[in-house]
Amino acid sequence: MEMLSGGRGLIVSVICFLLKFSTAMEIPLSVQQVPTIIKQSKVQVAFPFDEYFLIECEAKGNPEPTFMWTKDDKPFDLSDSRIIASNNSGTFKIPNEGHISHFQGKYRCFASNKLGVAMSEEIEFIVPNVPKFPKEKIDPLEVEEGDPIVLPCNPPKGLPPLHIYWMNIELEHIEQDERVYMSQKGDLYFANVEEKDSRNDYCCFAAFPRLRTIVQKMPMKLTVNSLRHANDSSSSTEIGSKANSIKQRKPRLLLPPPESGSESSVTILKGDTLLLECFAEGLPTPQVDWNKIGGDLPKGRETKENYSKTLKIENVSYRDRGNYRCTANNFLGSTTHDFHVIVEEPPRWTKKPQSGVYSTGSSGILLCEAEGEPEPTIKWRVNGSPIDRNPFAGDVVSPREISFTNLQPNHTAVYQCEASNVHGTILANANIDVVDVRPLIQTEDEENYATVAGYSAFLHCEFFASPEAIVSWQKVEEAKPLEGRRYHVYENGTLQINKTTEDDAGSYSCWVENAKGKTAVTANLDIRNATKLQVAPKNPRVPRLHALELHCESTCDPHLKQSLKLSWSRNGEAFEINATEDGRIIIDGANLTISNVTSEDQGIYSCSAQTALDSVTDATQVTVLDVPDPPESLQLSERQNRSVRLTWEAGDDHNSHISDYIVEFEGNKEEPGRWEELARVQGKETTITLSLAPYVRYQFRVIAVNEVGRSQPSQPSDHHETPPAAPDKNPQNIRVQASQPKEMIIKWEPLKSMEQNGPGLEYRVSWKPQGAPVEWEEETVTNHTLRVMTPTVYAPYDVQVQAINHLGSGPEPQSVILYSGEDYPDTAPVIHGVDVINSTLAKVTWSTIPKDRVHGHLKGYQINWWKTKSLLDGRTHPKEVNILRFSGQRNYGMVPSLDAFSEFHLTVLAYNSKGAGPESEPYIFQTPEGVPEQPAFLKVIKVDKDTATLTWGLPKKLNGNLTGYLLQYQIINDTYELGELNDINITTPSKPSWRLSNLNATTKYKFYLRACTSKGCGKPITEESSTLGEGKYAGLYDDISTQGWFIGLMCAIALLTLILLTVCFVKRNRGGKYSVKEKEDLHPDPEVQSVKDETFGEYSDSDEKPLKGSLRSLTRDMQTTESADSLVQYGEGDHGLFNEDGSFIGAYAGSKEKGSVESNGSSTATFPLRA
């Protein structure tokens, strides 16, 4: 199905149609016609390395043409056994079998049928010879230094092009320069020889690249005799004669050769390259120059090569005709040669005869005109024979045209026009076909077409008709010709429908009619939806080095989806499919991503959608933003003592308007090279009057600011120095610092370098007692501190500091009030009492000290307290003083975080900026009992179906006499409802365990334990556990004893025990004990020893005795003891079944074994507490 698209594609299609209209009508091969040659060879060269040589001649016609050949205008027999002729054409092959020179010549092909004869242009078959230099003996050449010489090459003739090289026997090129030159014919010229030119291996090489051949001339020997060698054995007279032989001389032309005289003619073909060469001998070496007499050398097409010895003019035209002069000169004279350049041209057509189809009775004319230099000769032929044998008596023949009237079918023939001059021959065949035939439509019937709504549609109806025919189109269902400006029918039958709509879809009929009849075909047209496209975002502004992402959103007709192709371009140049090599630009279908955007990425980005029927493009303008270029051309004007005008030129803002300019200066004597901001200017301004400080050597620079950032600073301006002046300001932040009583160290912020205004900066310090009617005391210093001793402690003074320099004083200073140095307070407060609020908090009250005893600025009061003893056990505590300060003038304070049931000592003192005064007499007070902290731990060490045994540790702080414990518990099965809370008061504080009974089986409980004193109970510690079910684990231990892993574990323990016994036995036999045992025997711990006596025994070498140091059997319970510090007290046997949070680790059951330690408790097995 043929599909034509709109846009630029439509324009191209229309141009193609119009070109087809302007050419001769193509006759279908089904119609009888004269032969037409459609393919022929040009010049054919028989290269020796080719297998065969093809001479082509193909033609079409009806009846089918037959072929004949001529060679050098004589018949050539295609039945020659040495050639291979092709069937159904005139083409033949010449095998490369050694006899090809016989076939060299000019061939012409003739294709003929009963209606006429067509002939080809001449086809030259060239059989090149293998070029060779003749074998010759070359006599050595001997010349004197300074003489000219020419080494001839005389290369053999061969197939062009020819390249000539002069080299030595080691294939190194002979160097050419102003003195040495190789001519176009290959001869080597020396303007004057030098001693270094002597060598015996000057070789000329001729290269024929088309023949893949290089040939070499026999080496030539050149000897240059030098005077230095001749002088060695000559008399003074002979030396003078030899010196004259190398005399300087004016130029003499060697090229063109002297026999050609002072001028010569050169013929060149139009369009070729003109080469003119001049070479002159002489000493010093002559220089060559070129000019055109009466005109200028063609600029742009002329070059001077080989040290100006060759003038080269490319693409020669007729305006290059004329006289060219070369001039060779040195300081002794000059010589010239004129070249008369003649530009000629082979024949070319200006009016080429055109083939034509004619109907009976019509008339026609053939035109044949050609140009060339010399003017071409025109010859006519009919069916390959000269025109004087023309069989058509009615033809009117002139050199440039043939006309005929009342054509009849028997006038069908092929006319040839041939134009020739000395540079070549051109031939044109013109067919005269006299045909009367009903229209033949060549476009297939029921052809399907499609286009896009809004575009043009083209429906084809190519035909052949003679006489001329009329074409009409109609819609099948309407059965009437199409009318209106939207429809246009071309001469070749094509229908164009402009601005198509959906209503244009359907079937169309093309009717072609002439005097011989009429014919029709049908075409079907389908209208598709137009492709739509949008690029986003529109006109983005992207800062440099940021990322740019563009998206191309497209929609098209479903029928065109498969043919949709998207492409991206920037400023009209398409991106490669793989984008850039560095991966900075990535194209992924509809997405274009550019990372690290630069200014080169700015431009118009276009996305194009191309389908089989239409194309559409959308574009967006991408603007790349960057910081501005630095301002330029800083100028200073209107120079004043305290101001100057600065002007500059704005740099490129890189697509972002400059918002403001920052003016910076450099001139700080203390920090040279440091730039500081002086002023800001709005972006539309490029000048400012700057306020300056005295006694500064300024230099300015400007920074431009836009939305992206700051530019680089501009180049600094010229310097501008302001004269000195008296200070404009006095020091600020005047303050006092004193480390001793009555001392006053006055300090202030010194003036900065830019504030000093002149040389010799000093500070005049004045002081007097505040409000006293006395004279000011003063002192002048250069630094920014002054120490003054006053008669009284902590007295107020009026103080002034004024800046002065060599040019005067600063403004009148303002007074500040400063105090002389403080001393420690010399008296202590009196404690009125301590009110104990509770067991950890007390309120202290005291009397304040008199103001005159503070000796400074009172900062507050300080309470010191320390614990002396505990009322629980009466133990004395070492003194650890706690400190608490209260700011300001106050007479009470709260002391927190006291230990309950303890005795404390407490003092109070006053402090100022100097430090603390004396302490008051210690005040003794006691804190009452409090509630204990929570117990250290709470563990469930044994559980059964209705009982649970708990153990716990003492609280870290009892805070009084322990009276007992409050044990509470409640059911917490996995529901939101809690069971009733049960209380048990344990009145025996020394007992750290309790057994609960009457619990529910298979029930989860939460236990709470609080320690209590007479003041109440403290915070609880909690634990959770579950009781067991009835008979739930009755056979567990029996099952375990038969498990493989249990048996393996017991075997491993037995093996380790055996190894240990063996080691002990060996050790004891050697008279020694374990080092650990020895250490324990030397330093026994009474408590540990008592525990060991109960639970552990010494190692024994008897199998009958139990090992006191071995682990207890996992089936036994350890009996608890009353020792608070012993792990045995908290059930080291059963307790070992739980993690720190009380979770189950594991339990094992089994019968008692020999060597196990007996327990006084129950032997009932324990089970997991949590189901």
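Residues numbered from 1 in each chain as written. Predicted model: local features only at pLDDT ≥ 70, side-chain atom pairs only at ≥ 80, totals over all residues. Heavy atoms only, no water.

All right, on to the overall build of the chain then. Scanning the chain from terminus to terminus reveals seven helices and 86 strands. The buried share of the chain, reckoned over its 1171 residues, is 42%. Relative to all contacts within the chain whose residues are 6 or more apart in sequence, the contacts with residues 24 or more apart total 66%. Total accessible area computed for the chain in this model is approximately 63,900 Å², and 49% of it derives from carbon and sulfur atoms. (Helix = DSSP H or I, 4+ residues; strand = E, 2+ residues; numbered from the N terminus. Buried < 20%, exposed > 50% of the residue type's maximum accessible area, 1.4 Å probe, protein only. Contact = heavy atoms within 4.5 Å. Areas by Shrake-Rupley, 256 points an atom, 1.4 Å probe, with all protein chains shown as cover.)

Residues Asp629, Glu632, Glu649 and Asp652 make up a contiguous surface patch of negative charge. Positionally, Asp652 belongs in the loop between strand 58 (643–649) and strand 59 (660–666). (Patch = residues over 30% accessible without salt bridge, like charges linked within 9 Å, V, L, I, M, F, W, Y side chains within 5 Å. Salt bridge = Lys/Arg side-chain N within 4 Å of Asp/Glu carboxyl O. Lys, Arg positive; Asp, Glu negative; His and termini not counted. Charge placed at Lys NZ, Arg CZ, Asp CG, Glu CD.)

Further remarks concern the side chain of Thr1027. Within the fold, Thr1027 resides in the loop between strand 86 (1021–1026) and helix 4 (1036–1040). With relative accessibility at 7%, the residue Thr1027 sits in the buried group. Separated by 2.9 Å, the side chain of Thr1027 and the backbone nitrogen of Thr1002 make a polar contact. (Polar contact = N/O pair within 3.5 Å; in protein donor to acceptor, adjacent residues only side chain to side chain.)

Under the criterion given, the structure shown has seven disulfides. With its sulfur 1.9 Å from that of its partner, Cys552 forms a disulfide with Cys607. Across the S-S bond linking Cys552 and Cys607, the dihedral sits near -90°, which makes this disulfide left-handed. One end of the pair, Cys552, is in strand 50 (residues 548–555); the other, Cys607, is in strand 55 (residues 603–610), and 55 residues separate them in sequence. Of the cysteine sulfurs around Cys203, a residue in no disulfide, the closest is that of Cys204, at 9.0 Å. On the basis of relative accessibility, which here comes to 0%, the residue Cys203 falls in the buried class. (Disulfide = S-S within 2.5 Å.)

Moving on, we get to the confidence of the model for the chain. Here the chain averages 84 in pLDDT, while 85% of its residues score no lower than 70. This stretch, residues 239–245, has a pLDDT under 50; its non-local contacts, to residues over four places away or in other chains, come to eight contacts. (pLDDT = per-residue confidence, 0-100.)

Moving on to the sheet that holds strand 72 (residues 830–838). Pairing within the open sheet is antiparallel, and its three strands lie in the order 72-73-76. Each of the sheet's edge strands pairs with one partner strand only, and the pair in question is strand 72 and strand 76 (892–895). Strand-to-strand, the axes of this sheet are offset by a mean angle of 20°, without reference to chain direction. (Pairing = 2+ DSSP bridges. Axes fitted to C-alpha atoms, helices over the stretch in contact; angles between N-to-C directions.)

What follows covers the nonpolar core. One finds Ile149, Leu151, Trp166, Leu188, Phe190 and Tyr202 to be the most contacted residues of the largest nonpolar core, which totals 25 residues. Among the secondary structure elements, those contributing two or more residues to this core are strand 14 (149–151), strand 15 (163–167), strand 16 (180–182), strand 17 (188–190), strand 18 (199–208) and strand 20 (220–225). No other element matches the four residues that strand 18 contributes to this core. Membership of the second largest hydrophobic core comes to 24 residues, among which are Ala46, Phe67, Phe92 and Val414. (Core = buried A, V, L, I, M, F, W, Y, C linked by side-chain atoms within 4.5 Å.)

Here the structure, examined in full by the defined rule, presents 27 aromatic pairs. Ring geometry for Phe404 versus Tyr415: centroids 6.2 Å apart, planes at 35°, classification tilted. A residue pair is termed long-range when its members are at least 10 positions apart, and Phe404 in strand 36 (residues 401–404) and Tyr415 in strand 37 (residues 413–421) qualify at eleven residues. For Phe404, a relative accessible area of 2% puts it in the buried group. On the basis of relative accessibility, which here comes to 0%, the residue Tyr415 falls in the buried class. An aromatic cluster is present here, built from Trp69, Phe76, Phe92, Phe103 and Tyr107 joined pairwise through their rings. Its guanidinium or amino end placed over the ring of Trp511, Lys518 lies 5.0 Å from that ring's centre, counting from NZ or CZ. Across the ring face of Tyr892, the terminal group of Lys843 is positioned such that the distance to the ring centre comes to 5.1 Å. (Phe/Tyr/Trp six-rings, centres within 6.5 Å; stacked < 30°, edge-to-face > 60°. Lys NZ or Arg CZ within 6 Å of the ring centre and 35° of its normal.)

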